[in-house]
Every structure is written in structure tokens, then in C-alpha cells.
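# Chains, contacts and geometry: an overview
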Amino acid sequence: ERIFDQVLSDTNTQGHHIEGEDEGHVFLYREIFGAGEAPWYVGVYLPASETNKTYNRLVAAGAAAGGLILVAVVLVFLLGRYMARPIRELAEASGAITRFEFDDAKPLSGSLFRELDTASKAYNSMTGGLKLFGTYVPRQLVLRLMRLGPEGARLERRQVSVMFTDIAGFTGLAGELEADRLAAFLNHHFAIQAEAIEAEGGIIDKYIGDSIMAFWGAPEDQPDHAARAVRAAIRMADAIAEENRSRAGEDRPQIGVRIGIHSGTAVAGNIGAPGRINYTLVGDTVNVAQRLEGLGREIDPDAPVILIISADCAAALPEDLKCELELDSLGERELRGRAEQIEVFRVRRKRQSGERP
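Residues numbered from 1 in each chain as written. Predicted model: local features only at pLDDT ≥ 70, side-chain atom pairs only at ≥ 80, totals over all residues. Heavy atoms only, no water.

## Here's the deal with the overall build of the chain
- When helices and strands are tallied, the chain shows 10 helices and 11 strands.
- Taking 21 Å as the expected radius of gyration for a compact globule of 357 residues, we find that the chain reaches 41 Å, considerably beyond that expectation.
- In terms of overall dimensions, the chain has a C-alpha envelope of 130 × 50 × 50 Å along the principal axes.
- The long-range fraction of contacts in the chain, counting pairs at least 24 apart against all pairs at least 6 apart in sequence, stands at 59%.
- Element-wise, carbon and sulfur atoms account for 55% of the exposed surface of the chain, whose accessible area totals about 21500 Å².
- Charge-centre separation for the chain: the mean point of 40 positive side chains lies 6 Å from the mean point of 52 negative side chains. (Helix = DSSP H or I, 4+ residues; strand = E, 2+ residues; numbered from the N terminus. Rg over C-alpha atoms; globule rule 2.2 N^0.38 Å. Contact = heavy atoms within 4.5 Å. Areas by Shrake-Rupley, 256 points an atom, 1.4 Å probe, with all protein chains shown as cover. Lys, Arg positive; Asp, Glu negative; His and termini not counted. Charge placed at Lys NZ, Arg CZ, Asp CG, Glu CD.)

## Digging into the pattern of salt bridges
- All told, the structure shown has 14 salt bridges when counted by the stated rule.
- Here Arg-348 and Asp-328 are joined by a salt bridge, their closest N and O atoms 2.9 Å apart. Linking Arg-348 in strand β11 (residues 341–349) with Asp-328 in strand β10 (residues 325–334), this pair joins segments that are 20 residues apart in sequence.
- Given a relative accessible area of 35%, Arg-348 falls into the partly exposed group.
- Overall, the relative accessible area of 31% leaves Asp-328 in the partly exposed class.
- Sharing partners across several salt bridges, the network here consists of Glu-200, Asp-224, Arg-228, Arg-231 and Arg-235. (Salt bridge = Lys/Arg side-chain N within 4 Å of Asp/Glu carboxyl O. Buried < 20%, exposed > 50% of the residue type's maximum accessible area, 1.4 Å probe, protein only.)

## Remarks on the environment of Ala-248
- Its location among the elements puts Ala-248 in helix α7 (residues 225–249).
- Among the residues examined, Ala-248 registers a relative accessible area of 49% and is labelled partly exposed.
- Here the alpha-carbon distance between Ala-248 and Ala-303, two residues 55 residues apart in the chain, equals 15 Å.

## Points about α7
- Compared with an ideal rise of 1.5 Å per residue, which puts 25 residues at 36 Å, α7 spans 36 Å between its outermost C-alpha atoms and is within 8% of the ideal.
- Positioned one or two residues after α7, Asp-251 has a phi angle of 60°, which is positive. (Expected span 1.5 Å × (residues − 1).)

## Points about a negative patch on the surface
- Together, Glu-21, Asp-22, Glu-23 and Glu-50 make up a negatively charged patch on the protein surface.
- Of note, Glu-23 is situated in the loop between β1 (14–18) and β2 (25–32). (Patch = residues over 30% accessible without salt bridge, like charges linked within 9 Å, V, L, I, M, F, W, Y side chains within 5 Å.)

## As for the pairing of strand β3 (residues 40–47)
- Burial of β3 is sparse: only 0 of the 8 residues sit out of reach of the surface.
- Strand direction decides the pairing type here: β2 and β3, joined by 8 bridges, are antiparallel. Bridge pairing links Phe-27 to Tyr-45 in β3. (Pairing = 2+ DSSP bridges.)

## Regarding the packing of aromatic side chains
- Counted under the stated rule, the structure contains 4 aromatic pairs.
- Aromatic pair Tyr-29 and Tyr-41: ring centres 6.0 Å apart, planes at 70°, arrangement edge-to-face. Of this pair, Tyr-29 sits in strand β2 while Tyr-41 sits in strand β3, and the two are 12 residues apart along the sequence.
- Note on Tyr-29: relative accessible area 18%, which makes it buried.
- By relative accessible area, Tyr-41 is classed as exposed at 52%. (Phe/Tyr/Trp six-rings, centres within 6.5 Å; stacked < 30°, edge-to-face > 60°.)

## Points about the pairing of strand β7 (residues 256–273)
- Taken together, the 13 bridges between strand β4 (residues 156–168) and β7 define a ladder with antiparallel strand orientation. Across the sheet, Ser-161 pairs through a bridge with Ser-263, a residue of β7.
- Both β7 and strand β9 (residues 305–310) contribute to a ladder of 5 bridges, which runs parallel. In the strand pairing of β9, Gly-260 is matched with Ile-308.

## Structural notes on the sheet that holds β3
- Spatial strand order, β1-β2-β3: 3 strands in an open sheet with antiparallel pairing. Both edges of this open sheet fall to β1 and β3, since each of them pairs with a single strand only. The average undirected angle you get between the axes of adjacent strands in this sheet is 25°.
- Strands β1, β2 and β3 of the sheet are contacted by helix α2 (residues 48–98), whose axis makes an angle of about 80° with β3. (Axes fitted to C-alpha atoms, helices over the stretch in contact; angles between N-to-C directions.)

## Focus: the nonpolar core
- Ranked by internal contacts, the top residues of the largest apolar core, which has 39 residues, are Met-163, Val-230, Ile-259, Ile-261 and Ile-309.
- When residues of this core are assigned to their parent elements, the largest contribution, 9 residues, is made by α7.
- If sequence neighbours within four positions are ignored, Met-163 has contacts with Ile-197, Ile-212, Met-213, Ala-214, Trp-216, Ala-229, Ala-232, Ala-233, Met-236, Ile-259, Gly-260 and Ile-261.
- The next biggest cluster of nonpolar side chains, apart from the first, holds 15 residues, and it includes Leu-141, Ala-218, Ala-268 and Tyr-279. (Core = buried A, V, L, I, M, F, W, Y, C linked by side-chain atoms within 4.5 Å.)

Below, the structure is given as C-alpha cells:
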């Protein structure tokens, strides 16, 4: 009776079961009205054993179908996770690429799915090319230009601070070292300077032999560009002093570095020939910064680090930074290739009591 209630409850068919002497029978029937004064009953009766077999087959089929659906759901879930893994890895690695964090962009593994495997191989090839590309371009500059869009690289006049550095006595040093040792020395030295420059938001424009040109104030506005440049130079001087202490303990020659900084107006933007364009600065501000670096050779050729800045740069420094520094005016100086004299300052960080020179 329970089965009848479940199966026939939503239909106009009725049914019941009658136990006989040998076996029971199942009756299924409907009432038909309108054929006479009394309703007609039209139906069928079957041995209970036959209906039980059919019912059991339906139950078994339903259970099997439910099991297959459950297995299919589990397989789809596992397949989805298997397919999602390389897609998730691709998304995470692509995020690292957009930030130019190439070291975090690990190679992707292959996949049994042709499309995903093709995408992984294409990504790995792209990453290899971008890592190589990233060694030849200033990453911070590219990221800033990406944020600014196409307008970020157009030529314009900007207020900037430009720094030039140079290793004192490098010509003699280059003649004493083998090529591989010389390259290792320069790479280590440039890494020290680059860390100081980038810590203050500067852009390394180019390496020129043993020299570095860096700037602040472009392509994004940096109102405190002069302070950033001077702080970077002080960081650099501290790092080189530490390096020299290490070299002295290993009985190696000391490193001398000259730094020149000038603040003023320069033209910033893409400059070059088709197929070989650099975002760089041009103008008198750049030339003066380079001449200030060379002036250090005349003022104190034996100094481990000598920092020379222009009066324009000194005037742009905030008072709190000036309190941390010693700014010694060297008077009006004539710079090579420039008719007008400019006032220059030698800058050193004030040493605290007990601090090693």
C-alpha cells in the first residue's frame, strides 16, 4: 500500500493488492464515467511476482543512476580542479609579470589538455623573453610608464634632479683585473648603488662604463626630487663606507666614488631612432650634474666618497634634511663647457657621537 501511495498519488489510477491461495495479484485500474448509469472500471491485474521484479529493476536502475551521477559529480569536481590548477598558476604568474617581478614568475608545467599545454608553453617562452628584456630596461621606469599610459612618455619639460656617479681611479683598476673579475666588481658595485637609488624612488637612466646616470621627478611628479636624490647619495656613501671596511679586512684596495647632483628643468620623454628609443632626459641640467661629478676629482681626489651638489639642489632641500647634513659651500665654480659659474656645495652626513668614520 505504501508503494501504491507513492507511485499513484499524483495520477487518476488506483491500485490494490490481493493475496491469493498461491500468490498475490496486483490490480491497477481507472474509473470511466459517462458510458452508462454506473461507472466502468478498466484495468489490468498481474501476478505480484512480476510487478515485484519490475519494481526492483526500477529501484536498482534508480540507485545505479544515482551512483553514476555521484561518480560523475566527483569526476567533474576532480577534473575541474585538475584543469583549474594550471589556469590558476597562469593567473598568479601573469600577475607577477604585470608587476615585473620576474623572479616570482615560475615556469608552468605542461598539461594533458592541448589548449592548456599550448598556453603554458607560450607563457614560458614569453617569460624567458621578458626576463631577458628586464635585464636591459629600468623596471621601475616601465612600471611607471604603464601606470601613466601613452601620455607618460611624451616629451615635456619637467623639474628634475639628476645624479651622476663615477668610480675614482677606475682606469688603473681596469688594467689590473682580468675581464671576468672586472665585470664581477662592476656588477657588485652597481648593485650597491642601484639599491640606494631605487630605495629613494629614482630611475637609473643608463650605465656608462663605470658611471651611472639616474634621475628623479620624471615620468611621475616627485616634488621632493632633490631630497630623494641627496638621500640616495647619502645611502650610497654609507654603503660604500661599509664596503671599504670589508675590503680593508680582506687586504683589498679601497673604492673611491664621486657623485654630482643638480636640480633644474630638463626635457623628458622618448628620444632615439625608430627601433631603439630610450626614455631619458636631455638639457643643461643633465650636463651640469655630470660636470659636478667631475668637479669632485679637483676638490678631493682621495676621498672615499665625495658628493657635490649645486646651489639649486641645496635650496630645494627641506630643513629637516639639512639638519642631518653638513653643506659646505665651495663658492662659485666654473664648469667645463659652461660659460656661467654656479655655486656648489660639498655634502656630508653629520656623524653621531661614537660613529665610525
